[in-house]
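# Descriptive structure summary
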Amino acid sequence: MSESKLKRVDLIFGEYSNTKYKVLADTLKRRNEDILEDLMESGLKGRGGAGFPTAMKWKLAADAPSDTKYVICNADEGEPGTFKDREILSRVPRKVFSGMAICGKVIGAQKGYIYLRSEYKFLLPELTRELEMFHEHIGKMGFDFPIEIKLGSGAYICGEESALFESMEGFRGEPRNKPPYPTTHGFMGKPTVINNVETFVNVVMIMRLGPVQFKLLGTTDSRGSKVFSVSGDTPIPGIYELELGMPLDRFVEEFGDGDTKAVQVGGASGFCVPRKKFKDTIIGFEGVPTGGSMMLFNSSRSMYNVLHNYLDFFEEESCGQCTPCRVGCQQLRKGIVAVKKGDKKAGYLDQLLKLSESMKITAKCGLGQSVANSFSSIVNNFKEEMIY
Amino acid sequence: MTNEHLIRDLVKKHGRSRVALLPILQGVVDANNFISDSDMVEIAKELDLSAAQVFGTATFYSFLSTEPLGKYVIRVCKTITCDMHGKKQIVQTIEEMLKVKVGETTPNKKFSLLETNCLGWCHEGPAMLINEKPFTGLTPERVHDIISEYISKS
Amino acid sequence: MSKKINLTIDGINVSVDPGTTILDAARKLNIHIPTLCYHEDLCVAGNCRVCVVEQENSRTLPASCATPAAEGMVIHTNSGKVRVARKHIVELLLSEHNADCTKCYKNGNCELQSLASQMLTGDHMFLDLVPDKHYTIDMFNSAIVKDDSRCIRCQRCVRTCEELQSVSALSVAYRGNNMKISTFFEHPLFEVVCTNCGQCVNRCPTGALIERNYVDQVWDAIYDPAKHVVVQTAPAVRIALGEALGMPPGMIVTGKMVTSLKRLGFDAVLDTDFTADLTIIEEGYELVERLKRALVDKDPEVALPMATSCSPAWIKFLEHTYPDLLPNLSTCKSPQQMFGALVKTYYAQKKKLDPKNLVSVSIMPCTAKKFEADRPEMRSSGYKDVDYVLTTRELAIMITQAGMEFDKLPESHFDNIMGMSTGAAVIFGTTGGVMEAAIRTVYEVVTGREVPFESLNITPVRGTEGEVREASLLITGTKPEFKFLEGVELKCVVANGLAYAKKVMQNVKDGNANYHFIEIMACPGGCLGGGGQPIPTNKEIRAKRTQAIYEEDLGMPLRKSHDNPEVQELYRDFLIKPLGHKSHELLHTHYTPRKRY
Ligand SMILES: Cc1cc2nc3c(=O)[nH]c(=O)nc-3n(C[C@H](O)[C@H](O)[C@H](O)COP(=O)(O)O)c2cc1C
Ligand code: SF4
Ligand code: SF4
Ligand code: SF4
Ligand code: SF4
Ligand code: FES
């Protein structure tokens, strides 16, 4: 693809350093304030989807008074259409461990955990071997930072940070009330930094290259690059590291099959962008954010089926504790079926849109709150497909 | 049948606090593919929980079955991209080969066929897991070969 | 004292302590935000979402029960956005719900129903999901019915059973659209560790957990001319019944209650308090006997500390959880069962009635008593000792059915025999009461003197919920036959709520406690907070009931069980002596270990 118009980046999967764990060793010698300042300067935002400024998160946890603190790497990657964390963990695990250890130093944590979804259990032997090596190296650097892998057991909601803590503590993965937030009351009620796999890697690369060079990539609101998981109707599905802040039409030009009618940005809980809006859509925190999932649909696809599939997913993967999400998801799915079958008039879709709006503002956690994203963007943009 | 020894070993390894619950349940599933009611009672005793608490926790997680499953648990991804790229034919092929429907276990207790949500192989869909091993880029032919191989395994 | 937090709710400024929720802040302003999963006795869940409010500059509507007030917050509790969202939420709940109110026991006393009527949810907006659900009803238990089709999954019951009772017979099971409240492997309640305490019933906002009611059976008995129907009323009923009939909490309605029972058509209205006094004599002598065996005979077999056995949920809890400590239970039956056994023997003899024509009904603050009455151990009269147990709530239903204006009823007295009681029996209804009553009697039996407390009020064993109370009493100046107790410091402990009972028993089991006497009541506050008492319940209401009980005690002419003339007569004419042959036959029993799981 020599004529590519999109800037390919080689940060995440690029070389770690010339000697093993050098970035880590160098960073561990630096002062915490300096590390935080570099992070702040870099403008790094979390890569798990919500886009919270990483430096601020670390600072809050660093300032939280407690003898016990934790660093957790969120490798639950369950969002439909996302598979980049698996790739990162299998190709550059050392960067992930290093990022976690740097975080541990900055916030004063004694231990790190990786919460790995059970679907990725096959990575366990290799990761365990790598971890042994890591522990050896970091021991030599005079910083004791054990990292342990905790396995999930098949529950998308456990990617939500507070549900993840519940799961790690041996409970049902039901999200907690917030506030309090993880930075003061996280795992075992202790101050905790939880970041996405990719976020930790970005930290390492910022430490290696410096914030200035990192900032050269992306836009003001979306610094750096992003690993994209590209799937659906594309001749070249796979994992691509691209600059943030690109317009969607350029993306489609490159990855589409020439007949792309819609792109789902950010997975089932993200937004569906129809063809006519490709040009005006920016991929990044200023536009449509994404944890990396980009699913392309061409004109042979029924958007009704796509939405139905997403709603099925949410209905099963909702933890079920709160009313708007547990019952709302059932109503939305059965509602579109009823409209399609003619049991309900087309106008019922408007009721459902209002319901999804209520779910967005009343659900207890991000899952229930984001069902409306795909629901309203698909229903509004493809109303005919919902009815006929 | 209870796995008293297995559970005792798991407790020795993971401890008796609540954080040990999931690793212990996972350990039982690793050994048996499911957690029986007597196993749950045993775990509850060891961890000083009520049996209902163990049951409630186990049933939250898709991979912690409380119903007996076969030796090989096949989980075919049903989420959108795998669905678009021919999941249905994959499931059909397996159903025909094993003579079971989705959700069922073969009479010889060797295979269970399940569907599951996104496995994280969307770019190589359709995908499936057999126990923990992923298989991707499936076609009816490929899946036929894979399953045949498992059938011939002792 | 940390700084106050200032916020604005519906345009009114309010200052609250840090940590106060928006819900509580609003209540301070007399703004009532609707709630469902929230319950004052339990930790905050924040899952029903009906309490959402609008917070300026916030993307979402926070749940007011779960969100602490923050400085400068501007809250609207009734904006257009809030109203739409709330109505949606209630309608969603109803769409999953078998809202067949006219066929529901909670009709007219249901939090979901009143919310629905408030919100004018008449025009059901969403699809009915019930036909696709495979809801089940568990009605195989003597005490409690669990109907999943009426459950809104607020988890109050789960939190109750775990936090207050440390039983966890119920748990949240499955996930997403299949999430439900379940016992272990969805077994019926009678097969699991449920104690029938009914605390979950007290807190369930809907008809999903209710007592199994026997109202019609009792009416049938009353209408049957061949039957002589005797009713007994437990101490805690008379200070709470009014609440279920439109009166404020804390009213003593003994006299009105007796009148209402007579008007309902019971042939004799008698008092469980009578056998409460009797229990004290039997249990007091049993304690002294055990102490003697321990101190004089040095019998290593004797089980000390001895624990009270009046609370059937506590007994079942012990059978499941600490079966090896069952010998520590007093062998005395509960007052209800002593009463039942005596009605069909002693009372029948005295009144020249054929016991087979006697129907014995009890009015209890308790759901576990229904289970107790059904136990095979409870047939020592040769018949079922207690035929039907009604809760305070069921009695209120009967009174309402009969069209009585309860608060306007005249007062009347219990019938005799077995209708007379002392203040010591009245306090059986509160935590610490059995202990206090027992000490009043034991001390006097042993020393010949009254307990050295002002007005006989043994305040060290009195107290509230949420604690384990320890007290000790030095015994001196004993009568010659009780010399072995001279100088003994009687160590007592009192706990209410099974979570606290568990703490005490774990200490006993681990050998970390050297108590002599343990009083346990399974319910928060004692029987006055029982699972059969009027709904709602909270600390404030229970405190008022407690106060009423102590008032009733103070007002009684007799305050010590052994002074009860009818009890004295019972010993003279029938039982002969405490712990005698007849007592053992009728008033004592043994319990059997049950599976922990
Ligand atoms: C339903 C749901 C699922 C989530 N799944 C993931 C996930 O799989 N991986 C992840 O990193 N973050 C996930 N998140 C976001 C996390 O809650 C959290 O914000 C993130 O791990 C923070 O890391 P970051 O700041 O590095 O992005 C999920 C959030 C929700 C609401
Ligand atoms: S929004 Fe859904 S997943 Fe989140 S807490 Fe509510 S029910 Fe659970
Ligand atoms: S639980 Fe309440 S709303 Fe439901 S049927 Fe009963 S009375 Fe009606
Ligand atoms: S009756 Fe008591 S023990 Fe039984 S489920 Fe309810 S709260 Fe738990
Ligand atoms: S049974 Fe009652 S208390 Fe329990 S979750 Fe259902 S509605 Fe709530
Ligand atoms: S009462 Fe606040 S969420 Fe239920």
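Rules used in this analysis
Residues numbered from 1 in each chain as written. Chains lettered and ligands numbered in written order. Predicted model: local features only at pLDDT ≥ 70, side-chain atom pairs only at ≥ 80, totals over all residues. Heavy atoms only, no water. Buried < 20%, exposed > 50% of the residue type's maximum accessible area, 1.4 Å probe, protein only. Helix = DSSP H or I, 4+ residues; strand = E, 2+ residues; numbered from the N terminus. Contact = heavy atoms within 4.5 Å. Axes fitted to C-alpha atoms, helices over the stretch in contact; angles between N-to-C directions. Left-handed = near helix turned anticlockwise from the far one by under 90°. Nonpolar A, V, L, I, M, F, W, Y, C, P; charged D, E, K, R; others polar. Near = heavy atom within 4 Å. Buried area = accessible area lost by both parts, 1.4 Å probe. Salt bridge = Lys/Arg side-chain N within 4 Å of Asp/Glu carboxyl O. Polar contact = N/O pair within 3.5 Å; in protein donor to acceptor, adjacent residues only side chain to side chain. pLDDT = per-residue confidence, 0-100. Pairing = 2+ DSSP bridges.

Okay, helix 9 (residues 312–321) of chain C next. Residue and element names in this part refer to chain C. Here helix 9 lies mainly inside the structure; ten of its ten residues are buried. The complete set of buried residues in helix 9 reads P312, A313, W314, I315, K316, F317, L318, E319, H320 and T321. Each element contacted by the buried residues of helix 9 is listed here: strand 12 (306–307), helix 11 (368–374), helix 15 (498–509) and strand 17 (517–521).

Moving on, we get to unusual backbone geometry. A cis amide bond links P179 of chain A with the next residue in sequence, P180 of chain A, at an omega value of 0°. A cis amide bond links I535 of chain C with the next residue in sequence, P536 of chain C, at an omega value of 10°. Tracing the chain through its elements places P536 of chain C in the loop between strand 17 and helix 16 (539–554). Within the chain, S166 of chain C stands out as a residue other than glycine whose phi angle is a positive 45°. Position of S166 of chain C relative to the elements: it lies in the loop between helix 4 (156–164) and strand 7 (171–173). Taking the relative accessible area as the measure of exposure, S166 of chain C reaches 22% and is therefore partly exposed.

The interhelical angle for the contact between helix 12 (residues 323–341) of chain A and helix 2 (residues 80–95) of chain C, taken along N-to-C directions, is 65°, at an axis separation of 9 Å. Remark: the crossing between helix 12 of chain A and helix 2 of chain C carries left-handed chirality. Contacts between helix 12 of chain A and helix 2 of chain C pair T323, P324, R326, V327, G328 and Q331 of chain A from the former with I89, L92, L93 and S95 of chain C from the latter. Of the residues contributing to the contact of helix 12 of chain A with helix 2 of chain C, the split by class is five nonpolar, four polar and one charged.

In the vicinity of ligand 2 lie 13 residues, with C319, C322, C325, C365 and G368 of chain A positioned nearest. Class assignment for the residues of the shell around ligand 2 results in eight nonpolar, four polar and one charged.

Glancing now at the interface of chain B and chain C. Note: interface size is frequently given as the accessible area lost on complex formation between the parts. Across the contact, 18 residues belong to chain B and 18 residues belong to chain C. Taking both sides of the interface into account, the surface hidden between chain B and chain C amounts to around 1,500 Å²; carbon and sulfur atoms contribute 63%. It is A52, F55 and F60 of chain B that lose the most area in chain B upon contact with chain C, and together they represent 32% of the buried surface on that side. Along the contact surface separating chain B from chain C lie one salt bridge. Its salt-bridge partner being D48 of chain B, residue R596 of chain C comes within 2.9 Å of it at the nearest N-O pair. Linking chain B with chain C are seven residue pairs in polar contact (both at pLDDT 80 or more), by the criterion used here. Residue composition of the side of chain B that touches chain C, by class: nine nonpolar, six polar and three charged.

A few words on the confidence of the model for chain B. Here chain B averages 96 in pLDDT, while 98% of its residues score no lower than 70. For this predicted complex, the interface confidence score (ipTM) comes to 0.96, while the overall pTM stands at 0.96.

Moving on: the environment of P107 of chain B. Residues and elements named next belong to chain B. With respect to the secondary-structure elements, P107 resides in the loop between helix 6 (87–98) and strand 2 (111–116). For P107, a relative accessible area of 75% translates into the label exposed. With twelve residues separating them in the primary sequence, P107 and L119 have C-alpha atoms 27 Å apart.

Counting from both sides, the interface comprises 36 residues of chain A and, opposite them, 37 residues of chain C. A buried area of about 3,000 Å², summed over both sides, lies between chain A and chain C, and 53% of it is on carbon and sulfur atoms. Our count for the contact surface shared by chain A and chain C stands at three salt bridges. Across the pair R326 of chain A and E96 of chain C runs a salt bridge whose closest N-O atoms are separated by 3.2 Å. If you tally residues by element for the side of chain A that touches chain C, the top one is helix 12 of chain A, at ten residues. Among the residues forming the side of chain A that touches chain C, the class breakdown is eleven nonpolar, 14 polar and eleven charged.

Let's shift gears to the pairing of strand 1 (residues 72–77) of chain B. Residues and elements named next belong to chain B. The buried count for strand 1 comes to six of six residues, which makes it a mostly enclosed element. Here strand 1 shows a buried face lined by Y72, I74 and V76 and a second buried face lined by V73, R75 and C77. Bridge count for strand 1 against strand 2 is six bridges, and the pairing is parallel. When the bridges of strand 2 are listed, Y72 appears paired with F111. Sheet topology places strand 1 next to strand 3 (residues 128–130); three bridges connect them, and they run antiparallel. Bridging across to strand 3, R75 finds its partner in L129.

Once that is clear, we can look at the sheet that holds strand 2 of chain B. All names here are of chain B. Here four strands make up an open sheet; going across it, the order is 2-1-3-4 and the pairing mixed. Edge positions in the sheet fall to strand 2 and strand 4 (133–135), since each has one partner strand and no second. Neighbouring strand axes in the sheet, compared pairwise and without regard to direction, differ in orientation by 25° on average. Relative to strand 1, helix 6 is tilted by about 155°, and along the sheet it contacts strand 1, strand 2 and strand 3. Sheet strands touched by helix 7 (residues 140–152): strand 1, strand 2, strand 3 and strand 4. Its angle to strand 3, the strand with the most contacts, is close to 10°.

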